[in-house]
Amino acid sequence: MPTLDINNKASLDYFLIIRYIEQNYTQEDCLNFNFSNFDFLYNRKGIEQASQSLFNKPVTELQPIEMAEILALYENPLKNNRYRNPEYTKARATYFYNLYLNNLNEK
């Protein structure tokens, strides 16, 4: 992924950058980039570090409920932190897990 140093550019420049990204990268590429560079707090940058820190296993070995917890962290790392708010985090991870199961059954 290219890195762009943008400081106080005109809105036309933003538009050109957006068009470049839309034409050269898929939504899956953008999502992979976001997950691999997202700051999950506590010195965990990217989904691989979050997986190692939380569950001590690589992403490929995670269970769906564990992935749901990481997805909840991606949504809001402060609010869905398992150490600060364990009940809400578990409820939110369960919600994402049930959403996954519902989508799995519809196919």
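Our structure is the block above this text.
Counting restarts for each chain, with residues numbered from 1 along the sequence as it is written. Local features in a predicted model are, by the rule used here, given only for residues with pLDDT of at least 70; side-chain atom pairs are given and counted only at 80 or more, and totals for whole chains, interfaces and linings are based on all residues. Only hydrogens and water are set aside; all other atoms, that is, all heavy atoms of the structure, feed into the side-chain values.

### Here's the deal with the packing of aromatic side chains
What counts as a ring pair is set by centres within 6.5 Å for rings of Phe, Tyr and Trp (its six-membered ring), and what kind of pair is set by the plane angle: stacked under 30 degrees, edge-to-face over 60, tilted for all other angles. The tally for this structure, following the rule as stated, stands at six aromatic pairs. Ring geometry for Phe38 against Phe40: centres 4.9 Å apart, planes inclined by 75°, an arrangement best described as edge-to-face. Here the term buried applies to any residue with accessible area under 20% of the maximum for its type, exposed to any over 50%, and partly exposed to those in between, with areas from a 1.4 Å probe on protein chains only. Overall, the relative accessible area of 23% leaves Phe38 in the partly exposed class. Residue Phe40 is classed as buried on the basis of its relative accessible area of 0%. Members of the aromatic cluster, connected to one another through ring pairs, are Phe35, Phe38, Phe40 and Tyr74.

### Considering the side chain of Asn80
Runs of H or I in DSSP of at least four residues are treated as helices and runs of E of at least two as strands, each being numbered from the N terminus. Along the polypeptide, Asn80 turns up in the loop between helix H4 (64-75) and helix H5 (86-106). Excluding its chain neighbours within four sequence positions, the residues that come into contact with Asn80 are Ala72, Leu73, Glu75, Tyr88, Thr89 and Arg92. Two residues form a contact once any of their heavy atoms are found within 4.5 Å.

### A word on the packing of helix H3 (residues 47-55) against H4
One way to put it is that H3 packs onto H4 with a least axis distance of 11 Å and a crossing angle of 120°. It follows from the interaxial angle that H3 and H4 lie oblique. Handedness of the H3/H4 crossing: right-handed. Where H3 approaches H4, its residues Ile47, Ser51, Leu54 and Phe55 are matched on the opposing element by Glu66, Met67, Glu69, Ile70 and Leu73. Orientation is described by lines fitted to C-alpha atoms, with helices fitted over the stretch in contact, and by angles between N-to-C directions that extend from 0 to 180 degrees. Roughly parallel covers angles under 35 degrees, roughly antiparallel covers those over 145, roughly perpendicular covers 65 to 115, and oblique covers all other angles. Note: crossing handedness is left-handed where the near helix turns anticlockwise from the far helix by less than a right angle, and right-handed where it turns clockwise.

### Describing the side chain of Glu69
One can find Glu69 in helix H4. Glu69 sits in the buried class, given a relative accessible area of 13%.

### Overview of the nonpolar core
Membership of the largest hydrophobic core is limited to nine residues, which are Phe35, Phe40, Ile47, Ala50, Leu54, Phe55, Leu62, Ile70 and Leu73. Residue assignment for this core shows that the elements contributing at least two residues are H3 and H4. With four residues, the top contributor of residues to this core is H3. Discounting residues that sit within four places of it in the chain, Leu62 has contacts with Ser51, Phe55, Lys57, Met67 and Ile70. Definition used in this section: a nonpolar core is a set of buried Ala, Val, Leu, Ile, Met, Phe, Trp, Tyr and Cys residues joined via side-chain atoms within 4.5 Å.

### Digging into the pattern of salt bridges
For this document, the term salt bridge refers to a Lys or Arg side-chain nitrogen within 4 Å of an Asp or Glu carboxyl oxygen. Taken as a whole and judged by the stated rule, the model has four salt bridges. In this structure, the salt-bridge partner of Arg92 is Glu75, at a minimum N-O distance of 2.7 Å. One end of the pair, Arg92, is in helix H5; the other, Glu75, is in helix H4, and 17 residues separate them in sequence. With relative accessibility at 41%, the residue Glu75 sits in the partly exposed group.

### Focus on H5
Here H5 is 21 residues long and its end C-alpha atoms lie 30 Å apart, about the 30 Å a rise of 1.5 Å per residue gives. Residues of H5 that are buried: Thr89, Ala93 and Phe96. What you see down the axis of H5 is that its buried residues fit within an arc of 60°, all on one side. Structural note: H5 exposes Glu87, Lys90, Asn105 and Glu106 on the side pointing more than 90 degrees away from its buried face. Residues of H5 that are buried sit in contact with H4. Expected helix span is taken as 1.5 Å per residue step, with the number of steps being one fewer than the number of residues. Our arc is simply the arc of the directions from the helix axis toward the C-beta atoms.

Honestly, it's all geometry; don't read function into it.
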